[in-house]
Amino acid sequence: MSEPARSDSGAAAAKVSGAIRTTTLWIEAPDVVRLRRGVLEDPSDGDVLVRTRFSGISRGTEALVLAGRVPPTEHDRMRAPFMQGQFPAPIAYGYISVGCVEAGPPDLLGREVFCLYPHQDRYVVPAAAVAPLPPELPASRAVLAANMETALNVVWDAGIGPGDRIAVVGAGVVGLLSAWLASRIPGTDVAVIDIADSRSAICAELGLAFSPPHAAPQDCDVVIHASGHESGLDTAIGCAGFEARIIEASWHGSGQTRVPLGGAFHSRRLAIVSSQVGSIPAERRARWSYRRRLAKALDLLRDARLDALITGESAFADLPDHYGAILKDPNTLCHRIRYD
């Protein structure tokens, strides 16, 4: 598919009859961002024109992309569905967009939808690329959809069952959503572990127990590591009981991560299993499509308590001035971008 927007000068854009102008956030080089103006291609039959209402920043992944830390071996796998440009830069990257369909098939016209699209104010995509929001889900909360999809995949990979004792190390968005989903399985005992005591208030809002690393539970049946730091992985291994399963939900980019395999790691017969949202777990793959998983993620977001995970909001026009600081702020969970 051709890129849904092309960068043109204002003069060139003015020559396009009926053209719809668009603005996109581009990473021009590591730690350098700016807004580019462009013109949308005319929608074809089966396409939708979406006017963005909100987009969301996926702090962990976008920080690695902004820093140019996507390894060359992962350039193809890390491409977002409608990414523009090439790694490491220039690139328009992102995959959390919520908007309203302004043109397209009658059943989608005027509906609010979610799409895996970069930070851009309007765009054209195939109608199959958007997912309508459930009636009870406000667009402002739907920016959590991609993270909820990831958390759902993590819980599937973890194989959590009723009554399990679970530790989740790392109270970022994915860690908190994974813990929240796990806590809804009957009889589970879920603890969230993080070095930031400030995360305890958000855990309380979600009905989750919080613990600092020095008081982390032991002998857990399942441990989910989502901190993105090797010290967190050390804590996760310490939480695991005999023959327990440790799910590595963090992605460390091009960095080197030391894994503490000494001590009782082998005698406790521990297993470390990766989880990545790009693949549906094998035991569900025959029945679950990506579209079905996204629809379920949107459905799971109808709980208003999850608004606690949105810790800030910026206007799109101001994003270049604040993007780097948002990604570096350890207090950021999901940061929402507003398109006025």
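All chains use their own residue numbering, which begins from 1 and follows the written sequence. Totals for whole chains, interfaces and linings use all residues, but because this is a predicted model, local features are given only for residues with pLDDT of at least 70 and pairs of side-chain atoms are given and counted only at 80 or more. Note that water and hydrogens are dropped before the side-chain values are worked out from all heavy atoms of the structure.

1. Quick word on the environment of W180
Inspection of the secondary structure assignment puts W180 in helix α4 (residues 173-183). For every residue, the accessible area (1.4 Å probe, protein chains only) is compared with the maximum for its type, and the residue is labelled buried under 20%, exposed over 50%, or partly exposed between those bounds. On the basis of relative accessible area, W180 is assigned to the buried category, the value being 1%. In this structure, the C-alpha to C-alpha distance between W180 and E74, residues 106 residues apart in sequence, is 30 Å. Aside from chain neighbours lying at most four places away, what touches W180 is M148, L206, L208, L300, D303, R305 and L306. The helix count covers DSSP runs of H or I at least four residues long, the strand count covers runs of E at least two residues long, and both are numbered beginning at the N terminus. By the convention used here, residues are in contact when the closest approach between their heavy atoms is within 4.5 Å.

2. Topic: unusual backbone geometry
Between F87 and P88 the backbone carries a cis peptide bond, its omega angle lying at 0°. A cis amide bond links A89 to the next residue, P90, at an omega of -5°. Among the structural elements, P90 can be located in the loop between β5 (84-85) and β6 (91-92). Unlike most non-glycine residues, D219 shows phi in positive territory, near 55°. Note on placement: D219 falls in the loop between β13 (209-211) and β14 (220-225). The residue R269 is not glycine, and still its phi comes out positive at about 50°. Relative to the helices and strands, R269 is located in the loop between β15 (240-248) and β16 (271-274). With a relative accessible area of 54%, R269 lands in the exposed category.

3. Some points on the nonpolar core
Within the largest apolar cluster, 78 residues are counted, with the highest numbers of intra-cluster contacts made by Y93, F114, M148, I160, L176, L306 and L309. In terms of residue count, the dominant contributor to this core is helix α3 (residues 145-158) (nine residues). With near-sequence residues (within four places) excluded, L306 lies in contact with R141, L144, M148, L177, W180, L206, L300 and L301. The next biggest cluster of nonpolar side chains, apart from the first, holds 16 residues, and it includes V169, A216, A236 and A244. Working definition of a nonpolar core: buried Ala, Val, Leu, Ile, Met, Phe, Trp, Tyr and Cys residues. They are joined through side-chain atoms within 4.5 Å.

4. Examining helix α8 (residues 290-300)
R293, L294, A297, L298 and L300 are the residues of α8 that are buried. Down the axis of α8, the buried side of the element spans an arc of 160°, and every buried residue falls inside it. In this fold, the buried residues of α8 make contact with β8 (112-115), β10 (130-132), α3 and α4. This arc corresponds to the set of directions leading from the helix axis out to the C-beta atoms.

5. So, the packing of aromatic side chains
Only centres within 6.5 Å qualify two rings of Phe, Tyr or Trp (six-membered ring in Trp) as a pair; their planes then separate them into stacked at under 30 degrees, edge-to-face at over 60, and tilted for everything else. Tallied over the full model, the rule gives six aromatic pairs. A centroid spacing of 6.1 Å and a plane angle of 85° characterise the contact between Y93 and Y95, whose relative ring orientation is edge-to-face. No difference in accessibility class separates Y93 from Y95, as the two residues are buried. Put simply, the rings of F82, Y117 and Y123 pair up and form one aromatic cluster. Geometrically, a charge over a ring is one whose NZ (Lys) or CZ (Arg) sits within 6 Å of the ring centre while staying within 35 degrees of the ring normal. Residue placement shows R36 over the ring face of W26; its charged tip is 3.8 Å from the ring centre. Over the face of the ring belonging to F54 we find R336, whose NZ or CZ atom lies 5.5 Å from the ring centre.

6. Digging into a nonpolar patch on the surface
Taken together, V259, L261 and I272 make up a surface patch of nonpolar side chains, about 220 Å² in accessible area. For L261, the position within the fold is in the loop between β15 and β16. Patch definition: residues with relative accessible area over 30% and no salt bridge; like charges joined within 9 Å; nonpolar side chains (Val, Leu, Ile, Met, Phe, Trp, Tyr) joined within 5 Å. The accessible surface values rely on the Shrake-Rupley method and a 1.4 Å probe; as for residues, cover is taken only from the protein chains in view. Every case where a carboxyl oxygen of Asp or Glu lies within 4 Å of a side-chain nitrogen of Lys or Arg is listed as a salt bridge.

7. Let's talk about the side chain of D164
With respect to the element layout, D164 can be found in the loop between α3 and β11 (165-169). Just so you know, the count uses Lys and Arg for positive and Asp and Glu for negative, and it drops His and the chain ends. Buried and unpaired, D164 has no salt bridge, with R245 as the nearest side chain of opposite charge at 9.5 Å. Two N or O atoms form a polar contact when they lie within 3.5 Å of each other; inside protein one atom must be a possible hydrogen donor and the other a possible acceptor, and for residues adjacent in sequence the pair counts only when both atoms belong to side chains. Reaching out from D164, the side chain makes a polar contact with the backbone nitrogen of G161 at a distance of 2.8 Å. The residues contacting D164, other than those within four sequence positions of it, are G159, G187, T188, D189, D221 and V222.

8. Description of the sheet that holds β11
Hydrogen bonding along the main chain pairs the strands of a sheet, whether they run parallel or antiparallel. Strand pairing is defined by DSSP finding a minimum of two bridges between the two strands. With respect to topology, six strands assemble into an open sheet ordered β13-β12-β11-β14-β15-β16, the strand pairing being parallel. This sheet does not close on itself; its edge strands, each paired only once, are β13 and β16. The average angle at which neighbouring strand axes cross in this sheet is 25°, direction not considered. As paired elements, β11 and strand β12 (residues 189-193) share five bridges and run parallel to each other. Paired with A167 across the bridge in β12 is A191. A fitted line through C-alpha atoms represents every axis, and for helices the fit uses only the stretch in contact; the resulting angles, taken between N-to-C directions, go from 0 to 180 degrees. Contacts from α3 reach β14, β15 and β16, with the element oriented near 150° to β15. The sheet contacts of α4 involve β11, β12 and β14, and relative to β12 the element is tilted by about 170°.

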